[in-house]
Amino acid sequence: ATPTALMVGTGRGAQLGILIKGPQVLESTRRVDTIVLDKTGTITTGRMSLAAVHPGAGEDRTELLTLAGALEAASEHPIAQAIAAAAKNIDNRRLPSVDVFTNHDGRGVTGVVDGHAVLVGRRNWLADEWSLTAPNALTAAAEEAESQGTTPVWVAWDGAVRGVIVVADTIKDTSAEAIAQFRQLGLRPVLLTGDNRRAARAVAAQVGIDPDDVIAEVLPAGKVIAIKELQAHGKTVAMVGDGVNDAAALAQADLGLAMGTGSDVAIEASDLTLVRGDLRAAADAIRLSRSTLTTIK
Ligand code: ADP
Ligand code: MG
């Protein structure tokens, strides 16, 4: 392909809301056969809101939300922001302060609030790393929430599980159409997320991704491994993501696409940026690379 023609393609990309790092990117775009999609912030808006609060037996709803919300106020995770906002909304109160806050990437958060050692996070993290067991009633509530595509997080303090808080995200109204376009272009869509398997499958079903092509409950480092495994199977992989935890996988992919609405780290690790955060622009980019390179032949 001639540099001039590729420059024209790059300019056309800008008109479509696609920022391309360099003209050579269009070459790798054309070969892609698999498109891996992050869930939160990529297929969904990533703006979470509180869906339900389930205090355990004998626990108080306000205390549950206050201790969890105070801790989450120190985190920038979308789950954390939803819980902190909901806690602040109870009587418009100021939340207690947090000591020794620690973020455990892809798992949850810990800290001391009002003299209690509090942790909020994913279920297997509570079980595996903190040896906490969940009461059956809460497990049932959490599983019900997961099968509806929402995300339950577990709250524990002073060595006992105290409740479950459910947050909900919204699927972007452009996602299903984008995924249909990927299929028309001959690409296989795969969903890759740190979130729970049931919620991931519920979202996949709504946007037209095969249940066998859902990779869920992966830690941030697992996202890179998932990309490498697809590549080891001979796939040429595009990855679309928005988060700090997607950056390494975006760099590993043959083609990394960042949501313009996402983190700077993700944008820096990518070859291409979808300025408006609309997944359909990824299909536009692939069509553009194919037409640009055909014209030049
Ligand atoms: P995603 O791949 O959807 O961006 P992450 O890797 O950031 O997800 O997080 C994976 C899971 O870890 C979340 O679904 C949640 O259960 C848990 N988690 C991560 N951060 C937090 C937090 N600040 N509060 C509660 N749970 C968290
Ligand atoms: Mg994300």
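- Naming follows an unreviewed UniProt entry, where the protein appears as Cation-transporting P-type ATPase B of Rhodococcus oxybenzonivorans.

Regarding the overall build of the protein
Consideration 1: Of regular secondary structure, the protein possesses 13 helices and 13 strands.
Consideration 2: In summary, the protein has a C-alpha radius of gyration of 21 Å against a globular reference of 19 Å for 297 residues, a match within 12%.
Consideration 3: C-alpha extents for the protein along the principal axes are approximately 70 × 35 × 30 Å.
Consideration 4: Counting the 297 residues in the protein, one finds 48% classified as buried.
Consideration 5: Partitioning the contacts of the protein with sequence separation of at least 6, the portion at a separation of at least 24 is 61%.

Digging into the site of ligand 1
Consideration 1: The environment of ligand 1 is made up of 22 residues, and the closest members are Thr 40, His 77, Gly 106, Arg 122 and Gly 194.
Consideration 2: Contributing elements (two or more residues each) for the shell around ligand 1: helix H3 (39-43), helix H5 (78-89), strand S5 (108-113), strand S6 (116-121) and strand S7 (151-157).
Consideration 3: Of the residues in the shell around ligand 1, the class split is six nonpolar, 11 polar and five charged.
Consideration 4: A domain split of the shell around ligand 1 shows at least three residues from each of domain 1 (3-45 + 171-296) and domain 2 (49-168).

A short note on unusual backbone geometry
Consideration 1: The phi angle at Asn 92 is positive, at roughly 55°, despite the residue not being glycine.
Consideration 2: Along the chain, Asn 92 falls in the loop between H5 and strand S4 (98-104).
Consideration 3: Even without a glycine there, the phi angle at Glu 217 is positive, about 60°.
Consideration 4: If you trace the backbone, Glu 217 turns up in the loop between strand S10 (214-215) and helix H10 (220-232).
Consideration 5: Judged by local crowding, Glu 217 falls into the partly exposed class, with 16 C-beta atoms found within 10 Å.

Overview of helix H8 (residues 175-184)
Consideration 1: Every buried residue belonging to H8 is among Ser 175, Ala 178, Ile 179 and Phe 182, and all of these are buried. Down the axis, H8 shows its buried residues gathered within 95° of arc, on one side only.
Consideration 2: Residue Gly 186 follows H8 closely and has a positive phi angle near 85°.

Some remarks on the domain arrangement of the protein
Consideration 1: Domain boundaries assigned for the protein yield domain 1 (3-45 + 171-296) and domain 2 (49-168).
Consideration 2: Listed by partner, the interface residues are 11 residues for domain 1 and 10 residues for domain 2.
Consideration 3: With four residues, helix H9 (residues 197-207) is the largest single contributor of residues to the side of domain 1 that touches domain 2.
Consideration 4: Within the side of domain 1 that touches domain 2, the residues separate by chemical class into five nonpolar, four polar and two charged.

Observations concerning the sheet that holds strand S1 (residues 18-20)
Consideration 1: Here seven strands make up an open sheet; going across it, the order is S1-S13-S12-S11-S2-S9-S10 and the pairing mixed. Sheet topology places S1 and S10 at the edges, where each strand pairs with a single neighbour.
Consideration 2: The pairing of strand S2 (residues 34-38) with strand S9 (residues 188-192) spans five bridges and is parallel. In the strand pairing of S9, Ile 35 is matched with Pro 189.
Consideration 3: In the packing of H10 onto the sheet, the strands contacted are S2, S9, S10 and strand S11 (237-241), and the crossing angle to S11 comes to about 160°.

Section: helix H7 (residues 136-147)
Consideration 1: For H7, built from 12 residues, the straight-helix expectation of 16 Å at 1.5 Å per residue is met to within 8% by its first-to-last C-alpha distance of 17 Å.
Consideration 2: Residues Leu 138, Ala 142, Ala 145 and Glu 146 constitute the buried set of H7. The arc that holds every buried residue of H7, seen down its axis, measures 100°, which confines them to one face. The exposed residues of H7 that point more than 90 degrees off its buried face are Asn 136 and Ala 137.
Consideration 3: In the core, the buried residues of H7 are packed alongside strand S3 (49-55), helix H6 (123-130), S7, strand S8 (160-168) and H9.
Consideration 4: Gly 149 lies just past H7 and shows a positive phi near 85°.

Criteria and cut-off values
Residues numbered from 1 in each chain as written. Chains lettered and ligands numbered in written order. Predicted model: local features only at pLDDT ≥ 70, side-chain atom pairs only at ≥ 80, totals over all residues. Helix = DSSP H or I, 4+ residues; strand = E, 2+ residues; numbered from the N terminus. Rg over C-alpha atoms; globule rule 2.2 N^0.38 Å. Buried ≥ 20, exposed ≤ 12 C-beta atoms within 10 Å, placed from the backbone. Contact = placed C-beta atoms within 7 Å. Near = placed C-beta within 6 Å. Nonpolar A, V, L, I, M, F, W, Y, C, P; charged D, E, K, R; others polar. Domains from an automatic or database assignment. Arc of directions from axis to C-beta. Pairing = 2+ DSSP bridges. Axes fitted to C-alpha atoms, helices over the stretch in contact; angles between N-to-C directions. Expected span 1.5 Å × (residues − 1).

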